[in-house]
Amino acid sequence: MTSSYPMIRLRRTRATAWSRALHREVMVTPADLIWPLFVTEGTGVEDPIASLPGVSRWSVDGIVARAKEAVAAGIPCLALFPNTQPERRSEDGREALNPDNLMCRAIRAIKDACGDDIGVLTDVALDPYTSHGQDGLIDDKGYVLNDATVEVLVGQSLNQANAGADVIAPSDMMDGRIAAIREALEGEGHVNVQIMSYAAKYASAFYGPFRDAVGSRGLLKGNKKTYQMDPGNAEEALREVELDLAEGADSVMVKPGLPYLDIAVRVKQAFGVPVFAYQVSGEYAMIEAAVAAGAADRDAMVLETLLAFKRAGCSGVLTYHALHAARLMGA
C-alpha cells in the first residue's frame, strides 16, 4: 500500500452503524453455538450449581425442555454431562457402560422429543463415573492406565452411539483412543456418528466449577497432569491434533477457550479442519463474577468473547451462555 493519511482514513467505514455492519469481517450466529448441559437423577429436578451462577443440573425431563428451547433459539447441538450418583461410581467406572445410565436416558429422551432437529454431543471419559475422579482406570500408585482405559472408552462410545448420540467427544486425552473408537463405530455400523476430539485439552486451573457440576471435585485424587497437556506447550498441541485427525476425528477441540486462542489459530492455520473451542466453566464464572460486581455488562462480554473465538478461526463454541447469546442474536 502506497497511499497514506489523509487519502486513507480507516475511520471512514466506522462512522455509521450500517457501514460497520457492512465491513464486519466475522459474525457469530446461534448456529455457531453448542450448549453444555448437566443431567441429574429424578423428575422435575432443577439443581442450581453454586459455582456456576445461572447454570443448573436438570433431570431428564428438564433436559428435554432445554433441548426444545435450544431448537427454538436456533442452537444446533447440545453437549451432555452426567452427575452420577455416588453409589453408582466405582474404581472401574463401569456405570459408563450401562445402557440405561443417565447419559443414555437423556440421549434417547432428546431424540424422541426432537429427532434430528438438534444434535447430541456426548462426553467420553470416565471421570463422571469413577470413585477416584480420574478420567481413566488407575493402578495401585494412582497412575492412569492408557490402554486399559481405551478399552472402556470404546465400550462407552458404543453405548452412547447405540442410544442415539450424533457426536462422540472423547475428553480423556488417552493416546490412541480416536483410532480405537472410530474402528469400533465403523464395525458396529455407526458410520455417520461424528468424533469431535478434545485434541488439545490442557491441565488447566479453569475447570473447578465443572467438577462441582459433575460431582468429581471432592473425589479427585491427585491431578490430571500425566494425560492433559502442559499449559506451556503449543507445538505438542499440533502433534496431538495431527494424530487425532489421522486416526479418524471429524473435528477437534481446544480447551479451555480464551486463554488458548493462540492454539485455536495455529490449529486452524496448520490443518484447515473444523476447530471448536470450549469456553469452560471457569471462564463463564469469571464473566458472571464481573457482572455481579458491577464491573461488566453481561450481554456485551458474552458476545465479544464469542466473536473472539470466531475471529480465531473456530467453527463453533461450547458455552454455558449459549441460550442467552442465541436470544441476544435473535433480538
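Structure's up top.
These figures come from a predicted structure and were not determined experimentally.

Over its 13 residues, helix α3 (residues 102-114) extends 18 Å from the first C-alpha to the last, a length consistent with the 18 Å expected when each residue adds 1.5 Å. Looking at the buried positions of α3, the neighbouring elements they touch are β1 (33-39), α2 (60-73), β4 (77-82), β5 (119-124) and α4 (146-163). The N-cap residue of α3 is N101: its side-chain oxygen and the backbone nitrogen of M103 are 3.3 Å apart. Residue G115 follows α3 closely and has a positive phi angle near 55°.

Below, the discussion takes up the pairing of strand β8 (residues 251-255). Counting buried residues along β8, five of its five residues qualify, which places the element largely inside the surrounding structure. Residues S251, M253 and K255 point to one face of β8 and V252 and V254 to the other, with burial holding for every one of them. Direction of pairing for β8 relative to strand β9 (residues 275-279): parallel, over a ladder of three bridges. Bridging from a neighbouring strand, V254 pairs with A277 of β9. For the handedness criterion, the β-α-β arrangement of β8, helix α8 (residues 261-271) and β9 is classed as right-handed.

The next subject is the nonpolar core. By size, the foremost hydrophobic cluster in this structure holds 79 residues, and its most contacted members are L80 and I263. Not counting chain neighbours up to four residues away, the residues in contact with L80 comprise L37, V39, I63, M103, A106, I107, I110, V120, L121, T122 and D123. Formed by 24 residues, the second largest nonpolar core is a distinct cluster that contains I34, I49, Y198 and F276.

A separate point is the packing of helix α7 (residues 235-247) against α8. One way to put it is that α7 packs onto α8 with a least axis distance of 10 Å and a crossing angle of 50°. It follows from the interaxial angle that α7 and α8 lie oblique. Here α7 and α8 pass one another in a crossing that is right-handed. Of the residues in α8, those touching α7 at E235, A237, L238, V241, E242 and L245 are I263, R266, V267, A270 and F271.

Cis geometry marks the peptide bond from Y5 to P6; its omega dihedral reads 5°. You can see P6 is positioned in the segment before α1 (17-23). A cis amide bond links K255 with the next residue in sequence, P256, at an omega value of -5°. As for its placement among the helices and strands, P256 is situated in the loop between β8 and α8.

So, on to a positive patch on the surface. Taken together, the side chains of R9, R11, R12 and R14 present a region of like positive charge at the surface. Within the element layout of this structure, R12 appears in the segment before α1. Since its relative accessible area comes to 46%, R12 is described here as partly exposed.

A separate point is a nonpolar patch on the surface. A cluster of nonpolar side chains, contributed by M7, I8 and L10, occupies part of the molecular surface with about 330 Å² of accessible area. Along the chain, I8 turns up in the segment before α1.

Contact pair α4 / helix α5 (residues 177-187): the axes reach a minimum separation of 9 Å and the direction vectors enclose 40°. In terms of orientation, α4 lies oblique with respect to α5. As for how α4 packs across α5, the hand of that crossing is right-handed. The segment α4 lies against α5, with V150, L153, V154, S157, L158 and A161 engaging R177, A180, I181, A184 and L185. For the contact of α4 with α5, the residue count by class is nine nonpolar, one polar and one charged.

Each value, and the rule that gives it
Residues numbered from 1 in each chain as written. Predicted model: local features only at pLDDT ≥ 70, side-chain atom pairs only at ≥ 80, totals over all residues. Heavy atoms only, no water. Helix = DSSP H or I, 4+ residues; strand = E, 2+ residues; numbered from the N terminus. Expected span 1.5 Å × (residues − 1). Contact = heavy atoms within 4.5 Å. Polar contact = N/O pair within 3.5 Å; in protein donor to acceptor, adjacent residues only side chain to side chain. Buried < 20%, exposed > 50% of the residue type's maximum accessible area, 1.4 Å probe, protein only. Pairing = 2+ DSSP bridges. Right-handed = clockwise from strand over helix to strand, strands pointing away. Core = buried A, V, L, I, M, F, W, Y, C linked by side-chain atoms within 4.5 Å. Axes fitted to C-alpha atoms, helices over the stretch in contact; angles between N-to-C directions. Parallel < 35°, antiparallel > 145°, perpendicular 65-115°, else oblique. Left-handed = near helix turned anticlockwise from the far one by under 90°. Patch = residues over 30% accessible without salt bridge, like charges linked within 9 Å, V, L, I, M, F, W, Y side chains within 5 Å. Areas by Shrake-Rupley, 256 points an atom, 1.4 Å probe, with all protein chains shown as cover. Salt bridge = Lys/Arg side-chain N within 4 Å of Asp/Glu carboxyl O. Lys, Arg positive; Asp, Glu negative; His and termini not counted. Charge placed at Lys NZ, Arg CZ, Asp CG, Glu CD. Nonpolar A, V, L, I, M, F, W, Y, C, P; charged D, E, K, R; others polar.

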